[in-house]
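The chain contents come next:
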Amino acid sequence: MAVLVIADHTNAALGEATAKVVAAAQKIGGDIDVLVAGQGAQGAADAAAKLDGVRKVLLAQSDALGHQLAEAVTDTVVGLAGGYDAILAPSTSAGKNFAPRIAAKLDVNQITDVIEIVSADTFVRPIYAGNALETVQSSDAKKVMTIRTTAFKAVGETGSATVEAVTAAGAAGREASFVGEEVVKSDRPELVGAKIVVSGGRAMGSAEEFHKVIEPLADKLGAAVGASRAAVDAGYAPNDYQVGQTGKVVAPDLYIAVGISGAIQHLAGMKDSKVIVAINKDADAPIFQVADYGIVGDYKTVVPELMTALG
Amino acid sequence: MKVLVPVKRVIDYNVKVRVKPDQTGVDLANVKMSMNPFDEIATEEAVRLKEKGVATEVVVVSIGPQQAQETIRTALAMGADRGILIVTDQDAEPLAVAKLLKAVIAEESPNLVVMGKQAIDGDNNAVGQMLAALLDWPQATFASKLEVTADKATVTREIDGGLQTLDVSLPAVITADLRLNEPRYASLPNIMKAKKKEIAMKTAADYGVDVSPKLKVLKVTEPPKRSAGIKVADAAELVGKLKSEGVL
Ligand SMILES: Cc1cc2nc3c(=O)[nH]c(=O)nc-3n(C[C@H](O)[C@H](O)[C@H](O)COP(=O)(O)OP(=O)(O)OC[C@H]3O[C@@H](n4cnc5c(N)ncnc54)[C@H](O)[C@@H]3O)c2cc1C
Ligand SMILES: Nc1ncnc2c1ncn2[C@@H]1O[C@H](COP(=O)(O)O)[C@@H](O)[C@H]1O
């Protein structure tokens, strides 16, 4: 049995998700190799080599891999697939983009958003916005899956695997090409891995209000900032703040929902948080059905009071 | 330019899903069904391409039960030109759906496929990428903006951390994210007109595709339930509670 983990990374650095996918791979068992597919990605590869339980790190580099274009990542992984029984990627936007392409090239299904490895061929995954959990057994020759990283605890970093260069796929004839990127660098923790998340909803009413209310509270708590779809659609917060069924899935120790009603699609992204706090002026808002602590009131008074109480 | 839009009939997004007591699946009896919301967005985008004069024909295709005709009618009422329904009794897995769509594409030769990023029943987020793989076409997933010319599409994609823009040569597969557009409501005259539009009825066997499942569903269970906690009077009490929970 051998498992290939496709690393989450930004070329220079390894993403937090990788150590969690390695943890999932350990539950499958066998040798675990990590593929870093990028360009100028020695930094990420060296970091991956430190992850516990990794046999070796495979480093594939080309321009097309620098932006992790699905076509190039797929061709690279398919070239390596012969040596592996399972291929795991994190449920990041990059992982979700290339993993099904890899699966189809290998003529197997992809198992999306795995939250539990029951055995080498049996997995649990949420369906219907997390309102049901499906246990599936795969008869496919190779298992290709994305791992919901909030469900796995990162492995340690005391390893010393070797880094080995492997053949990288470049841009083939009919291709996608990278034009540009708008990625906002923030000093706040990353939403998906954060210990505390403060999210704002439609109640904010404007981007200005979102900055003025949600961000200072988050900064006081050292928290990441999230948002409901309504807040993102209205332009109060950037799209990558969206928490939910079709946004990011988070499971922090503390999740504070401010002016969010608690639609099932939002709950899908945060109901596995350890402690949930809701601030909403409507005592009947569904968010209170999942909140450990609720304050019924106008956020305009409650949030400033909270800032003061936090000292 | 011909645009193909695959649309799926799914449980309405407002319905509270119930797991069947025998753990074989979720209860779909007497439940409101609708077009997958992402597929409405995809249909809207295709219709707008036609209105802009970029597309000449919008063909919708669905794989599902007889009732999926209603889903196709909805797309036709939004402005799509004709439909194809491939009738299957069971929910086909993403790879099988992709193989059927590939077979449809072999007959229809569209220049562009615009589809949803995810069906909200299985939450797989897989068919678009799989279809692109099987066709060896480029893909641009999670699109929030799309510009199409005769031989390429420029697509802004929602990614972790922000937005990415790609150029893909046509033919290509694009999958729609939530913010690509706001789908229209079909007007009554357009609903009437849609009744006269053609829907071709097919079966999986017509395309020679095997749709038997490769994944065995052992059980479907309810997730651990969260119960409502307590209401606290004010921020000071809240901070006290959070400190004693050890999360502050
Ligand atoms: C296909 C699909 C996918 C979706 N995916 C997601 C997703 O990933 N994430 C997501 O979040 N949503 C998602 N949604 C949308 C979801 O259904 C809800 O529409 C959305 O979550 C509502 O956002 P909200 O709670 O901010 O807004 P609303 O539902 O409008 O709630 C606003 C809340 O603020 C409260 N409020 C108003 N003023 C104040 C005040 N002054 N002080 C305190 N409280 C106040 C109100 O009582 C209300 O409860 C999706 C929908 C669809 C169809
Ligand atoms: N049975 C189906 N019939 C038509 N289109 C489908 C079907 N299943 C999935 N799709 C398309 O594939 C997209 C992604 O679905 P999925 O990968 O199942 O989450 C959907 O938004 C649809 O556009």
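Residues numbered from 1 in each chain as written. Chains lettered and ligands numbered in written order. Predicted model: local features only at pLDDT ≥ 70, side-chain atom pairs only at ≥ 80, totals over all residues. Heavy atoms only, no water.

Engineer: Would you mind going over the site of ligand 2 with me for this structure?
Structural biologist: All names here are of chain B. Around ligand 2, the structure places 17 residues, and the nearest of them are Asp 39, Ile 63, Ala 119, Ala 126 and Val 127. In the environment of ligand 2, an oxygen atom lies 2.9 Å from a nitrogen or oxygen atom belonging to the backbone of Pro 6. For ligand 2, an oxygen atom lies 3.4 Å from a polar atom in the backbone of Asn 124. Contributing elements (two or more residues each) for the shell around ligand 2: β4 (57-64) and β6 (112-116). (Near = heavy atom within 4 Å. Polar contact = N/O pair within 3.5 Å; in protein donor to acceptor, adjacent residues only side chain to side chain. Helix = DSSP H or I, 4+ residues; strand = E, 2+ residues; numbered from the N terminus.)

Engineer: I would appreciate a short explanation of the pattern of salt bridges in the present structure.
Structural biologist: Pairs can form between side chains of opposite charge once their charged atoms are near each other. Applying the stated criterion to the full structure yields 29 salt bridges over all chains. Across the pair Arg179(B) and Asp233(A) runs a salt bridge, and its minimum N-O distance is 2.7 Å. Of this pair, Arg179(B) sits in the loop between β10 (172-176) and α5 (188-195) while Asp233(A) sits in helix α7 (residues 229-233), on two different chains. The partly exposed category is assigned to Asp233(A), whose relative accessible area is 37%. Among the salt bridges present, the one from Asp91(B) reaches Lys8(B), with a minimum N-O distance of 3.1 Å. Of this pair, Asp91(B) sits in the loop between β5 (82-87) and α3 (94-108) while Lys8(B) sits in the loop between β1 (2-6) and β2 (9-11), placing them 83 residues apart in sequence. Exposure remark for Asp91(B): the relative accessible area of 57% places this residue in the exposed category. (Salt bridge = Lys/Arg side-chain N within 4 Å of Asp/Glu carboxyl O. Buried < 20%, exposed > 50% of the residue type's maximum accessible area, 1.4 Å probe, protein only.)

Engineer: In this structure, what is going on with the pairing of strand β14 (residues 254-258) of chain A? I would like to understand it.
Structural biologist: Both faces of the sheet carry side chains from a regular strand, because those side chains alternate between them. Residues and elements named next belong to chain A. The element β14 is largely enclosed, with a buried count of 5 among its 5 residues. Across the two faces of β14 the burial is the same, with Leu 254, Ile 256 and Val 258 and Tyr 255 and Ala 257 all buried. Inspection of the sheet shows strand β12 (residues 196-200) paired to β14 by 5 bridges, in the parallel sense. The partner of Val 197 across the bridge, within β14, is Tyr 255. Bridge analysis of β14 against strand β15 (residues 275-280) gives 5 bridges, and the strand direction is parallel. Residue pairing for β15: Ala 257 is matched across the bridge by Ala 278. (Pairing = 2+ DSSP bridges.)

Engineer: What should I look at first to understand the environment of Ala81(A) in this one?
Structural biologist: All names here are of chain A. Here Ala 81 shows up in the loop between α4 (70-80) and β4 (86-90). Overall, Ala 81 belongs to the buried group, its relative accessible area being 1%. For Ala 81 and Val 3, which are 78 residues apart along the polypeptide, the C-alpha to C-alpha distance reads 9.6 Å. The residues touching Ala 81, leaving out its near neighbours within four places in the chain, are Ile 87, Leu 106 and Lys 142. (Contact = heavy atoms within 4.5 Å.)

Engineer: I would appreciate a short explanation of unusual backbone geometry in the present structure.
Structural biologist: A negative phi angle is the norm for most residues apart from glycine, just as the trans form is the norm for most peptide bonds. Going from Leu170(B) to Pro171(B), the amide bond is cis rather than trans, its omega being 0 degrees. In the Ramachandran plot, Asn11(A) falls in the positive-phi region, its phi being about 70 degrees despite a non-glycine side chain. Of note, Asn11(A) is situated in the loop between β1 (2-6) and α1 (17-28).

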